[in-house]
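Here is what each chain is made of, one letter per residue.
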Amino acid sequence: KAGVTQTPRYLIKTRGQQVTLSCSPISGHRSVSWYQQTPGQGLQFLFEYFSETQRNKGNFPGRFSGRQFSNSRSEMNVSTLELGDSALYLCASSPDGSGNTIYFGEGSWLTVV
Amino acid sequence: DQQVKQNSPSLSVQEGRISILNCDYTNSMFDYFLWYKKYPAEGPTFLISISSIKDKNEDGRFTVFLNKSAKHLSLHIVPSQPGDSAVYFCAAGPLSGAGSYQLTFGKGTKLSVIP
């Protein structure tokens, strides 16, 4: 069974640009959540999607957005990139997002210069 | 306000000895706890979990203990192996999903197992 797949793995962007990251969950999983990890910080929750609906959002500015498609694949977008957005962005999936373990992908390393 | 705290940023243990990683939480609504292991440049890998109805869960060399009254959990690795060297994250969340589900993570403890 394939795991959570994230693309791209590594990318470099310039301040002010926007970026889109993609996530394909484990087959059959309907809940996708996104986390940001920065040096010295734990994983911080960005948002969670289930059946194409955002059910919860973490404490991040509106520049961070996402969506989920009917096949459960998800994308997250960061607009007007800032240097502080440089981080590892992790996608995780779970069967229904209800009291289940979440399984992470390898992450997308974003560097903003 | 950090709801999940891992107060030790790093821990060094001799190969073959026991590694004990600790985690404290403040939110009484948390009743499902997990440990993840993370190698550099990789995503976190699920290790072991425990729900609040239990005080211990064991899986091979890994055992998680939960003390609900103290809001404290710990991960024991016995015996420790060099391949266990990684960053370990403690995470907590509600067991029953009433809608959205999210985990709150600690900042991690870097374990180094010395051969």
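About the thresholds
Residues numbered from 1 in each chain as written. Chains lettered and ligands numbered in written order. Predicted model: local features only at pLDDT ≥ 70, side-chain atom pairs only at ≥ 80, totals over all residues. Heavy atoms only, no water. Disulfide = S-S within 2.5 Å. Helix = DSSP H or I, 4+ residues; strand = E, 2+ residues; numbered from the N terminus. Buried < 20%, exposed > 50% of the residue type's maximum accessible area, 1.4 Å probe, protein only. Core = buried A, V, L, I, M, F, W, Y, C linked by side-chain atoms within 4.5 Å. Contact = heavy atoms within 4.5 Å.

## Notes on the state of the cysteines
Here is step 1: What the rule picks out here adds up to two disulfides over all chains.
Here is step 2: Note that C23 of chain A is cross-linked by a disulfide to C91 of chain A, the S-S spacing being 1.8 Å. What sets the handedness of the C23 of chain A and C91 of chain A disulfide is the S-S torsion sign, and at about -60° it is left-handed. Of this pair, C23 of chain A sits in strand β3 (residues 19-24) while C91 of chain A sits in strand β9 (residues 87-94); the two residues are 68 residues apart in sequence, bridging distant segments of the chain. Across the pair, exposure class does not vary: C23 of chain A and C91 of chain A are buried alike.
Here is step 3: A disulfide bridge connects C23 of chain B with C90 of chain B, and the sulfur atoms are separated by 2.0 Å. Taking the sign of the torsion about the S-S bond as the criterion, the disulfide between C23 of chain B and C90 of chain B, at about -75°, is left-handed. A residue pair is termed long-range when its members are at least 10 positions apart, and C23 of chain B in strand β3 (residues 19-25) and C90 of chain B in strand β9 (residues 86-93) qualify at 67 residues.
Here is step 4: Under the relative-accessibility criterion, C90 of chain B is labelled buried at 0%.

## Things to note about the nonpolar core
Here is step 1: Ranked by size, the top nonpolar core spans 23 residues in total, and within it F33, W35, L73, L75 and Y88 of chain B carry the most contacts.
Here is step 2: Elements that contribute at least two residues to this core include exactly β3, β4 (32-38), β5 (45-51), β7 (62-67), β8 (72-77), β9 and β11 (109-114) of chain B.
Here is step 3: Looking at which element gives the most residues to this core, the answer is β9 of chain B, with four residues.
Here is step 4: Not counting the four nearest positions on each side in its chain, L73 of chain B is found in contact with L21, N22, C23, Y25, F33, W35, V64, F65, L66 and C90 of chain B.
Here is step 5: Of all hydrophobic cores here, the second largest spans 21 residues; its members include V32, F60, V78 and L81 of chain A.

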